[in-house]
Structure formats: C-alpha cells, structure tokens
2 protein chains.
Amino acid sequence: VVHLDHDRCWELLARARAGVLSTLHPERGVDAVPVVFAVVDGTIVLPIDTVKPKASTRLRRVANLELDERCVLLVDHYDEEWDRLWWVRAHGRAREAAPAPAVLAALAERYPAYRTQGSIATVLLLVPDEITGWAARPPR
Amino acid sequence: VVHLDHDRCWELLARARAGVLSTLHPERGVDAVPVVFAVVDGTIVLPIDTVKPKASTRLRRVANLELDERCVLLVDHYDEEWDRLWWVRAHGRAREAAPAPAVLAALAERYPAYRTQGSIATVLLLVPDEITGWAARPPR
C-alpha cells in the first residue's frame, strides 16, 4: 500500500479525465455528482456547462455549496487487477464564479466540447486544503 | 437527456463494477471513497475487506456512518464521447453488519478476490430510499 505524496497526487489529479464531487445537502446529508475539471494554478476548476443536458440551470451542487462551501473531489481508478487500484481525493471549499479567460482556455484544451463559445456558463472554483492519495502499488 | 427509470437504474447499478460512497464527516463535512459492492435483495452491500491494503482496520467510512447513517453511492460512466455519459445514484442509510452467507456468496461471485475465506471482515448494508439515474442518451 502506497500513500501518494503531494506532488504525485496533483500529477494524477491533473491528468484524470473525470471525478466525483460530493457536497452537503441540507436534508439528504450528502450529494454526489460526476464532474469534469481542470487544474489552474492550484485551484480545481469545475465547469457549469451548457453542453451536457441537465434538469435545470439551477444546479443542486451550486445550491449546496452556497449553503456550505465544504466539498470533496474524488478521482479514482478502478481496475479488475486490484494491485492497480489508485485514488486521489481533494478536500476543500468551492464557490461559483465567472470563468476567467485562463480558466476557459484550460478547460477548452482538455475537453474539445468546451472549444465552442458559450459552452461554459460559470465555474466552481475548488480550493483544496488537503489532498491525499492511495495506490495499491506505485502508479506508472 | 434521459432520466432513467427505476428498473434501469437498478440494472445499471447491479452491473457496475465500482462506485463512490459519500458520507458525512463531523468536521470536514463530506468524505468520499471508492467502493465495490453487490446488490442483494434490494440492499446494496459494500464489503469491508481484508484484501485491499488500508491505513487502519477502523475505517473512516464506518465511523462516519455510525455518527450519521445518511450516505450516497454514485456509479458513473465517463466516456470521451459525451453522448455516452450516464450515472446512477442511490441515496439511503447504511450501517455495518456481519456478512450473511448470501451476501458473502454474492460478493464472491462478483469479485474473485473475495472467494478467499476471511477476505471480508464485515459489510455495510446500504438501504436506498431513492435511486435516480441520468443518461445523455439511452444506454445499451
């Protein structure tokens, strides 16, 4: 078992294509939703997009974070060979913001769908206060 | 956009190989951890195993659930083709229990590592009170 060091956690996080964002829900307790993201200057940026169809433009994740900024992003790699399992987890606080040009550029570089003007409405800026990672063995 | 019906949610959930369990943490707010699971008689069973190396046998997820049983299991499928995205989410309550023979058998059938005697210490029994699912288009 390997506890991944700080740099390795960031490296795996920055390379991952998708993750799960967990937030606090006032009645249900917890919520979780799949997300895509980019890392920009140590901040994890999660787009609120107009591309993937949604039930409402008023997203539950945004409402939850307005009530309590605490959240966690988990990126994990599942493999039927369990000695290849790994995950990275970022605890922190997130808030909605207008996307800065550098943020839009980072997301567009990672995800072709975001190269279309207007595909990102706003973003969640997740500032991690703790990043931890685990691997069954050192990942390549 | 497709809101998956109840049966389809259970079907996709039962077939998925892994998911993310989110729980409430008394200070951090939320926690999330990758999990494997089986569905047995409408209950989602998550093994606390002795196979995958862990920092402690006293797992944080178990301690969290003792303080607040509310949790959510998210199973999601990421694909670079975004019209193939889907996810299923089960909100409910979970508690630790000794594994019944039928539960051990279901887990062993799904995951070969669990065919070894003693590989599962206890289980979390997650009783869902709401299952929802989403797909960019109807999954196959």
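That block above? That's the structure.
Predicted, not measured: the structure shown is a model, and the values here were computed from it. (Residues numbered from 1 in each chain as written. Chains lettered and ligands numbered in written order. Predicted model: local features only at pLDDT ≥ 70, side-chain atom pairs only at ≥ 80, totals over all residues. Heavy atoms only, no water.)

What's the story with the overall build of chain A in this structure? I'm lost.
Secondary structure assignment for chain A yields 3 helices and 8 strands. For chain A, the α and β elements follow one another from N to C terminus as β-α-β-β-β-β-α-β-β-α-β. Computed over the C-alpha atoms, the radius of gyration of chain A is 15 Å, within 12% of the 14 Å expected from 2.2 N^0.38 for a compact globule of 140 residues. Dimensions along the principal axes, computed over C-alpha positions, put chain A at roughly 40 × 35 × 30 Å. By element, 52% of the accessible surface of chain A is carried by carbon and sulfur atoms, the whole surface being about 6,600 Å². The centroid of the 18 positive side-chain charges in chain A is displaced by 4 Å from the centroid of its 19 negative side-chain charges. (Helix = DSSP H or I, 4+ residues; strand = E, 2+ residues; numbered from the N terminus. Rg over C-alpha atoms; globule rule 2.2 N^0.38 Å. Areas by Shrake-Rupley, 256 points an atom, 1.4 Å probe, with all protein chains shown as cover. Lys, Arg positive; Asp, Glu negative; His and termini not counted. Charge placed at Lys NZ, Arg CZ, Asp CG, Glu CD.)

I keep staring at helix H3 (residues 101–110) of chain A and nothing clicks. Help me out?
Residues three or four positions apart in an α-helix share a direction because the helix packs 3.6 residues into each turn. Among the residues making up H3(A), those that are buried are Val103(A), Ala106(A), Leu107(A), Ala108(A) and Arg110(A). Those residues of H3(A) that are buried are in contact with helix H1 (6–15), strand S4 (38–40), strand S5 (43–49) and strand S8 (120–135) of chain A. (Buried < 20%, exposed > 50% of the residue type's maximum accessible area, 1.4 Å probe, protein only. Contact = heavy atoms within 4.5 Å.)

Sorry, what's going on with the relation of the copies chain B and chain A here?
Superposition of the two copies of the chain requires a rotation about an axis together with a shift along that axis. Of the transformation placing chain B onto chain A, the axial shift is 0.0 Å and the rotation is 180 degrees, giving an RMSD of 0.0 Å. In symmetry terms, the pair is related by a two-fold rotation axis. When the interface residues of chain B are mapped onto chain A, 100% of them again fall at the interface, so both copies present the same face. (Least-squares fit on C-alpha atoms with pLDDT ≥ 70 in both.)

Where do I start with the interface of chain B and chain A in this structure?
A common way to report how large an interface is uses the accessible area buried once the components associate. The interface of chain B with chain A comprises 39 residues on the first partner and 39 residues on the second. Buried area between chain B and chain A, summed over both chains or domains, comes out near 3,300 Å², and the portion from carbon and sulfur atoms is 69%. Inspection of the region where chain B meets chain A yields 4 salt bridges. A salt bridge links Arg17(A) to Glu80(B); the nearest nitrogen and oxygen atoms lie 2.7 Å apart. Along the contact surface separating chain B from chain A lie 15 residue pairs in polar contact (both at pLDDT 80 or more). Elements with a minimum of two residues in the side of chain B that touches chain A: strand S2 (19–25), strand S3 (29–35), strand S6 (70–77), strand S7 (86–97) and strand S8 (120–135) of chain B. Of all the elements, S3(B) adds the most residues to the side of chain B that touches chain A, at 6 residues. Looking at the side of chain B that touches chain A, its residues break down into 23 nonpolar, 5 polar and 11 charged. (Buried area = accessible area lost by both parts, 1.4 Å probe. Salt bridge = Lys/Arg side-chain N within 4 Å of Asp/Glu carboxyl O. Polar contact = N/O pair within 3.5 Å; in protein donor to acceptor, adjacent residues only side chain to side chain. Nonpolar A, V, L, I, M, F, W, Y, C, P; charged D, E, K, R; others polar.)

When you look at the pairing of strand S6 (residues 70–77) of chain A in this model, what are you seeing that I'm missing?
Regular strands place side chains that alternate from one sheet face to the opposite one. All names here are of chain A. In the sheet, strand S2 (residues 19–25) pairs with S6 via 4 bridges, with the strands oriented antiparallel. Paired with threonine 23 across the strands is cysteine 71, a residue of S6. Two elements, S6 and strand S7 (residues 86–97), share 8 bridges in a ladder whose sense is antiparallel. Following the sheet pairing, aspartate 76 is matched in S7 by tryptophan 87. (Pairing = 2+ DSSP bridges.)

I keep staring at the side chain of Asp49(A) and nothing clicks. Help me out?
Residues and elements named next belong to chain A. Tracing the chain through its elements places aspartate 49 in strand S5. Here the side chain of aspartate 49 touches valine 51 through a polar contact of 3.0 Å, landing on its backbone nitrogen. Engagement of the side chain of aspartate 49 in a polar contact is seen with the side chain of tyrosine 114, the distance being 2.5 Å.

How should I be thinking about the packing of aromatic side chains in this particular structure?
Geometry of an aromatic ring pair is reported as the spacing of the ring centres plus the angle between the planes. Under the definition given, this model contains 6 aromatic pairs over all chains. A ring pair is formed by Trp82(A) and Tyr111(B), whose centres lie 5.7 Å apart and whose planes are at 45 degrees; its orientation type is tilted. A residue pair is termed interchain when its members come from two chains, as with Trp82(A) in the loop between S6 and S7 and Tyr111(B) in the loop between helix H3 (101–110) and S8. For Trp82(A), a relative accessible area of 13% corresponds to the buried category. (Phe/Tyr/Trp six-rings, centres within 6.5 Å; stacked < 30°, edge-to-face > 60°.)

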